[in-house]
Every structure is written in structure tokens, then in C-alpha cells.
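Remarks on the overall topology
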Amino acid sequence: MEVCYLIGYPVGHSMSAVMHNAAFRELGLDYRYELRPVKPEELGAFVATRLREPDVRGASVTIPHKVSIIGHLDEIDRVARGIGAVNMIVNDGGRLKGYNTDSLGAFQALEEVYGDLEGSKVVLIGAGGAARAIGYSLATTVEELVILNRTIKRAHDLVKGLSNLPDRSAAISAHPLTREHLENAIFNANILINATPLGMSPKTDETPVDGDLLGPNLLVFDSVYNPPRTRFLREAEEAGARTLSGIRMLVYQGAASFRLWTGRDAPEGLMARAVEEELGGGQL
Ligand code: NAP
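All figures in this text were calculated on a predicted structure; none of them were measured in a lab.

Right, let's talk about helix α2 (residues 43-51) for a bit. Listed in full, the buried residues belonging to α2 are Leu43, Phe46, Val47, Arg50 and Leu51. Down the axis, α2 shows its buried residues gathered within 110° of arc, on one side only. Facing away from the buried side of α2 by over 90 degrees, the exposed positions are Ala48 and Thr49.

Side chains of nonpolar character tend, in soluble globular proteins, to be buried together. Counting 60 residues, the largest nonpolar core has Leu110, Ile134, Leu138, Leu145, Ile147, Leu162 and Ile193 as the members making the most contacts within it. Top element by residues in this core is helix α9 (residues 246-262). It accounts for 8 residues. Here this core spans two domains, since at least three of its residues come from each of domain 1 (2-100 + 248-278) and domain 2 (103-244). The contact partners of Leu110, leaving out residues within four places of it in the chain, are Gly115, Leu117, Leu138, Ile191, Ile193, Leu219, Phe221 and Leu244.

Taken together, 23 residues form the shell around the ligand, and within it Ala127, Ala130, Asn149, Thr151 and Arg154 come nearest. Interatomic distance of 2.9 Å between a backbone N/O atom of Ala127 and an oxygen atom of the ligand. Between the ligand and Gly129, the relevant distance is 3.0 Å, taken from an oxygen atom to a main-chain nitrogen or oxygen of the residue. When the free accessible area of the ligand is taken as 920 Å², the share hidden by the protein chains comes to 79%. Take the shell around the ligand: its biggest share by element is 3 residues, from α9. A class-by-class count of the residues in the shell around the ligand yields 12 nonpolar, 8 polar and 3 charged.

On to the sheet that holds strand β12 (residues 242-244), then. The 6 strands lie next to each other as β9-β8-β7-β10-β11-β12, forming an open sheet whose pairing is parallel. A strand with exactly one partner marks an edge of an open sheet, and here the two such strands are β9 (171-176) and β12. If you compare each strand with its neighbour and ignore which way they point, the axes differ by 15° on average. As paired elements, strand β7 (residues 121-125) and strand β10 (residues 191-194) share 4 bridges and run parallel to each other. Paired with Val122 across the strands is Ile191, a residue of β10.

Now for the sheet that holds strand β5 (residues 88-92). Across the sheet, which stays open at both edges, the 6 strands sit in the order β2-β1-β3-β5-β6-β4 with mixed pairing between neighbours. Sheet topology places β2 (31-37) and β4 (75-76) at the edges, where each strand pairs with a single neighbour. Two strands pair when backbone bridges link them, and strand β3 (residues 56-61) and β5 are joined in this way by 3 bridges, in the antiparallel orientation. What sits directly across from Gly58, in β5, is Val90. Lying on the sheet, helix α1 (residues 15-26) is in contact with β1 (2-8) and β2; it crosses β2 at an angle near 165°. The strands touched by α2 are β1, β2, β3, β5 and β6 (95-99); relative to β1, the strand with the most contacts, the crossing angle is about 180°.

Relative to the helices and strands, Leu233 is located in helix α8 (residues 231-238). The class of Leu233 is buried, set by a relative accessible area of 0%. Measuring from C-alpha to C-alpha, the distance between Leu233 and Gly199 comes to 9.7 Å, with 34 residues separating the pair along the chain. Not counting residues up to four positions away in its chain, the partners in contact with Leu233 are Val220, Asp222, Pro228, Thr243, Leu244 and Ser245.

Rules behind the numbers
Residues numbered from 1 in each chain as written. Predicted model: local features only at pLDDT ≥ 70, side-chain atom pairs only at ≥ 80, totals over all residues. Heavy atoms only, no water. Buried < 20%, exposed > 50% of the residue type's maximum accessible area, 1.4 Å probe, protein only. Helix = DSSP H or I, 4+ residues; strand = E, 2+ residues; numbered from the N terminus. Arc of directions from axis to C-beta. Core = buried A, V, L, I, M, F, W, Y, C linked by side-chain atoms within 4.5 Å. Domains from an automatic or database assignment. Contact = heavy atoms within 4.5 Å. Near = heavy atom within 4 Å. Polar contact = N/O pair within 3.5 Å; in protein donor to acceptor, adjacent residues only side chain to side chain. Areas by Shrake-Rupley, 256 points an atom, 1.4 Å probe, with all protein chains shown as cover. Nonpolar A, V, L, I, M, F, W, Y, C, P; charged D, E, K, R; others polar. Pairing = 2+ DSSP bridges. Axes fitted to C-alpha atoms, helices over the stretch in contact; angles between N-to-C directions.

Geometric descriptors of this kind do not, in isolation, establish any biological role.
Below, the structure written as C-alpha cells:
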């Protein structure tokens, strides 16, 4: 039996366990996925004493360890290095390599619903870990990327990092998250993305954008997946926009992790159904 952990603090009730254990069972793999609360001060010891053991295949990494884990690993994949955060680890014979599959998960979800992203204009709200992963995946494909964040310094830092990408395609700018900047940015945009926790359970009455700024020409993507139908997505739908919930990003980043651990294609449909069921029947 091989183990994959979710390491974070707190780990709470995780959709990843539901999703990965359903997938391991479906393919008859002798793996199990376990939640492991690890406090920041325990991280180094956990990596040294447990994560390198032969029965551990790897781990997913969540808040607050996505950046601090980097110093404890032997190798960091190019994408994760560019983003500056690791969300999964593979243990190969005691050697630990870190990856970021959030980036691929978001890109795959967006491309599936929007189509070819080349030439598109995107507004990204947030400049934390999720926004960095999403921004990294889009900066080399889309035409324009406008980043809006409550703390403008973080948005400027993200623009600086993305602007240095050698194969960057996007014109990238940063603004404070205000109604006026939102209105200007959305006016031109094809895709609007929330990469903040606004609207996440239990504060489901919150939303990053006033509903009257949304319109039918947009694809609106909420990285929040609990609840699957956030206020942001409901109001986007009412405005005639196409919508995409965070479940698809969650499933596709999970599927990429699953492939890296097992070498097998993940049963994505089953993983999505397992998450939807757990969240009470929300839709993709
Ligand atoms: P993070 O690193 O803590 O960043 C949070 C971001 O949200 C920052 O830009 C922060 O702005 C902004 N923010 C927080 N509270 C705000 C508020 N009240 N008003 C305006 N902006 C606010 O968190 P993260 O790791 O990026 O995660 C963000 C969300 O992404 C999570 O809640 C989760 O729902 C989602 N996510 C989804 C997936 C998926 O697979 N679907 C994967 C990862 C994350 P400041 O810089 O001003 O603090």
C-alpha cells in the first residue's frame, strides 16, 4: 500500500481525499490518500522523517506550506519554480520533487469551456497563490492580462514576475481592486476570473464584483469551489454570461497529480462526481 498525504494546517475536510480515494478505488490501485495536519514548525521534521519513506508516494501541499515547502525538497519543476509555489510532491526512492498542478488545472478548465485562449483578454482578481498559478498559465497564451488586487503591491509583484517569462505573450498590468478599475477592465475583457476567497463558504453572501458590471460577452470563472455555485457565478448567469466553477480546476489539478503519482490517466469524470456529491450536488 502506498500513501499520498495532504499536508497543510489546518487540513479540515478535504475534497482532495474524496476525489483521490475514489480514483484509486476505481482503478484498483493499492494507494490511499490521507489528511495530515502539519504545523509550520513541524514541516521540516515531517518531510525528513516521513515523506521520504518507501511507502509514501508523495503529497498534496496546501495552506500555509505552498511556499515554505520549497526549501525542504530536492528538486522543483520549472513551472512550480516560475510560480514560486508547490502544490504537490512526488517521492521517487527518497528523492522529493515539487510541482504546481494548479496552473495546468486552471488552464485546462478554461480552455475546455472557452476554446483557444490565444488572443483573449483576461481580468484576474487576486494576487495570492491561486492567482499566481492562474496568471502563470495564461501569461504565455493570452493577449492581455489585467490583475486587480486589494493590496496593490502584491499585484505589482505578480506583474513583475510574469513580465520576466521568456515566452510571455500577454500585455500585463496591475490596478487596485476598486469598482472603477473593475468597470474599465471588464469593459474590454473576454474572461473574468476570481482568485480570491470572496464568496467561499461560510461567507457565501460575498462577491468580488458587483453584478451590474457583468455582461453576456464574458466567461466568468470562479476559482472558489465551495459552494460550486457562488453568488459571483449566479449573478454572472443572470447577466447572461457563461460561467465556470472552481470544481473543474480542482479536478484537473488533482488529475495531473494523480498521473504523476501513479503513471495512470485519472478517471476525471468520476473524480468530479465524487466532489459534486460531497458538496451536495453542485454542477460543474
Ligand atoms: P491567498 O494566497 O491567501 O490569496 C488570497 C487573495 O485573495 C489575495 O489576493 C488577497 O488579497 C485576496 N483577498 C482575500 N480576502 C479578500 C477580501 N476580503 N477582499 C479582497 N481581496 C481579498 O489564497 P489562495 O491560495 O490564492 O486562494 C484563493 C482562493 O482560490 C481560495 O479561497 C480557493 O477558493 C481558491 N483556490 C481554488 C483552487 C481550485 O482548484 N479550484 C485551487 C487553489 C485555490 P490581498 O493580497 O490584498 O490580501
